[in-house]
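Notes for the structure review
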Amino acid sequence: MTCEHRDYQTVLAVPHDMPVIGFDSHTPATLRLWRAECPSGFDLHSFNKGDFVCMLRQKELAESISKVLYPQDNHMTGRMLRLRQFYFLASATMQCIVREHKKRFGDVRTLPEKVVLQINDLHPALAIPELIRILIDEEGLGWDDAYAMAGRVFNYTNHTVMQEALAAWPEHIFRSMLPRVYAIVAEISERFNGRLWQAFSQDREKIDQLTIIAHDEVRMANLCVAVCHRVNGVSQLHGRILKTRTFRDFYVMFPGKFTAITNGITQRRWLAAANPDLCKLINDHIGDKFLRDYSELERLKPLADKPRFLADFAEVKRRNKLRLAEQVAKQQGIVLDPDSVFDVQAKRLHEYKRQLLKVLHILFLYNGFTGDAGFALPRPVTFLFAAKASPAYWRAKSIIRLINAVAALVASHPRTRDAIRVAFLENYNVSLAERLIPAADISEQISTAGYEASGTGNMKFMLNGAVTLGTMDGANVEIFERVGQDNIFIFGAGAGEINRMETANSYRPKDLFDQNEDIRDAVSRLVDGTLPGVAADQFQDLYHSLLFGDYDRADRYFLLYDFDAYRAAFENVLAAYTDEPAWTKKGVLNTAGAGFFSADRTIEEYNRQIWGLRPV
Ligand SMILES: *Cc1c(COP(=O)(O)O)cnc(C)c1O
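Residues numbered from 1 in each chain as written. Predicted model: local features only at pLDDT ≥ 70, side-chain atom pairs only at ≥ 80, totals over all residues. Heavy atoms only, no water.

So, the overall build of the protein chain
- Counting its secondary structure elements, the protein chain contains 28 helices and 15 strands.
- Relative to the compact-globule value of 25 Å for 616 residues, the protein chain shows a C-alpha radius of gyration of 27 Å, a close match.
- Principal-axis analysis of the C-alpha atoms gives the protein chain an extent of 85 × 60 × 55 Å.
- A buried classification covers 52% of the 616 residues belonging to the protein chain.
- Across the protein chain, the fraction of contacts at a sequence separation of at least 24, relative to all contacts at a separation of at least 6, is 73%.
- Of the roughly 28,400 Å² of accessible surface on the protein chain, a fraction of 50% belongs to carbon and sulfur atoms.
- Each charge class in the protein chain was averaged separately, 75 positive and 76 negative side chains, and the resulting centres sit 3 Å apart. (Helix = DSSP H or I, 4+ residues; strand = E, 2+ residues; numbered from the N terminus. Rg over C-alpha atoms; globule rule 2.2 N^0.38 Å. Buried < 20%, exposed > 50% of the residue type's maximum accessible area, 1.4 Å probe, protein only. Contact = heavy atoms within 4.5 Å. Areas by Shrake-Rupley, 256 points an atom, 1.4 Å probe, with all protein chains shown as cover. Lys, Arg positive; Asp, Glu negative; His and termini not counted. Charge placed at Lys NZ, Arg CZ, Asp CG, Glu CD.)

See below:
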């Protein structure tokens, strides 16, 4: 059988190669970016007829493909243009890889000996059926050979367990836009169903969940797990959750497929480039080998007992706080006090990351200061938020508005004004992160346990000597294992406890609200008219989501459940901060323990467990 395309539009993929130059390296790697263009001299027919409008429409459509970077984070929208964009990028890349391989090695059949591909989250998952399409339609291979080759070259890294982020395309859109690729996915699905019947012959419901195409959905996660050689999570906890929950039944079928490789960050950017003063201090004591060899950072440990080193380390932190304060004053006209504790939550705005828990805690402090003459904090604290919300994520936008309202509230009251300050830093991006993270004393990593696959912000803060206040989630668990309980502040429900409540649907946040005065007084501030400059019903939705919920689940991310533990943990952190040498020691031990979270270690593990490449 051959396949003939009709009435298609041709789009040209134009490569733009960006050299990625490694540290002190002479052989840059290549990052190939693609732009979509209209082929020159296209559609002469309509041009000749003078149909400029039609021609311009086609040009516009082609160029629209690579125009935008979709801003959603941990969320999937099954939009037509997005599917086009994903396919365009996957197809250009696969065509290029096959062509290069044939040019260098002559025979497409040796591809799995020379090429390994990592499907990094689901965005490039269409590369799998696209490679099979090229091998069959253009290289003349049979189904079994093409499918077997795909199974040898592809691996899949899962990045989230959130259902709304697992890409599933509406089947009718997929089929009409990519008919040939659809036919290939349908064939994979059909054959995979056969294996599912063998593995779970009694259980139609299970097969229904594990199949690739069903209920007008093309489920890309199921496709990846069915086809790929290895499937990995990005922290040890996340890897376990993939095996026991997200892909539990797949794990029964393919126990050897699943693994976990903890994420990492590069010390070249997040220490040397972002924090030159700390880099110099470290260099003065243990040399600069840590830039290439992450295990070298361990040599800082003995220095955590040297008062002189602690004083220098604290001085670096102070200079970084001053540097941040100067930038924030210049850019936003906000004055920060470098002598206060910098408590930072910087990450994408998402309900599971629980910026709202931090806000409720600040409202609790406000209530304490304004309602109780004896209420005090041992040190002034600056609460810094930085976060981008996806444009269509209405509730996330609402939380940003709330943060700004709470900032205005605490600034307006004489008792809170000097004790706590709140600032929302605009336009959170890597440049701001490079300024902000070296200036942090406390790193807020307070996601609902089981939801943050790994986190990498947590690692950047740790490397820069901030102390983590966090839940046992993602890579926080491994930070805890490395620094020990004296050098991290852990609070709240664990992933197992959260999951049990979810499964049993047993959590009743309204009961906590009714029984716990601190919670009730903090949550009530959202709607009782206290907040300045907002309409009376501005935060009604947030209030309602905590107590009554959307559809069935109230307080889906267990903010009120963890509230008391969080408040208590914050008190402990602040008490620890008042003993400055002891606090600085914790910071030093965080930096010294951060070597494991180097991306160099991560890459080594991918190489050893999955790619099997020879290092150069
Ligand atoms: C590291 C980083 C993130 C990821 O932060 P998490 O806390 O792991 O979610 C997001 N945005 C920017 C700009 C970063 O530098």
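A closer look at the sheet that holds strand β15 (residues 489-490)
- Reading across from one edge, β12-β11-β10-β13-β14-β15 is the order of the 6 strands in this open sheet, with parallel pairing throughout. The open sheet has two free edges, formed respectively by β12 (420-425) and β15, since each of these has just one partner strand.
- Relative to strand β11 (residues 381-386), strand β10 (residues 341-346) is paired through 6 bridges, and the arrangement is parallel. What sits directly across from D343, in β11, is F383.
- The sheet strands contacting helix α27 (residues 580-592) are β13 (442-445), β14 (467-470) and β15, and the helix crosses β14 at an angle near 90 degrees. (Pairing = 2+ DSSP bridges. Axes fitted to C-alpha atoms, helices over the stretch in contact; angles between N-to-C directions.)

Concerning the site of the ligand
- All residues adjacent to the ligand are W270, A346, K347, K353, Y428, N429, V430, A433, G455, T456, G457 and K460.
- Summarising the interface, the protein chains cover 83% of the accessible area of the ligand, which totals 390 Å² for the free molecule.
- Those elements giving two or more residues to the shell around the ligand turn out to be α19 (430-436) and α20 (457-463).
- Broken down by class, the residue content of the shell around the ligand amounts to 5 nonpolar, 4 polar and 3 charged. (Near = heavy atom within 4 Å. Nonpolar A, V, L, I, M, F, W, Y, C, P; charged D, E, K, R; others polar.)

What to know about the pattern of salt bridges
- Under the criterion given, the structure shown has 40 salt bridges.
- The residue D145 makes a salt bridge to R109 at a minimum N-O spacing of 3.2 Å. Of this pair, D145 sits in helix α6 (residues 143-153) while R109 sits in the loop between α3 (80-105) and α4 (111-114); the two residues are 36 residues apart in sequence, bridging distant segments of the chain.
- Overall, the relative accessible area of 39% leaves D145 in the partly exposed class.
- For R395, the salt bridge is made with D541, and the minimal N-O distance between the two is 2.9 Å. Here D541 lies in helix α25 (residues 540-547) and R395 lies in helix α17 (residues 394-412), a separation of 146 residues in the sequence.
- The buried category is assigned to R395, whose relative accessible area is 13%.
- Under the relative-accessibility criterion, D541 is labelled partly exposed at 26%. (Salt bridge = Lys/Arg side-chain N within 4 Å of Asp/Glu carboxyl O.)

Considerations on unusual backbone geometry
- One non-glycine residue, N74, lies in positive phi territory at about 55 degrees.
- One can find N74 in the loop between α2 (52-64) and α3.
- The backbone of D555 shows a phi angle near 45 degrees, a positive value even though the residue is not glycine.
- Relative to the elements of secondary structure, D555 occurs in the loop between α25 and α26 (559-577).

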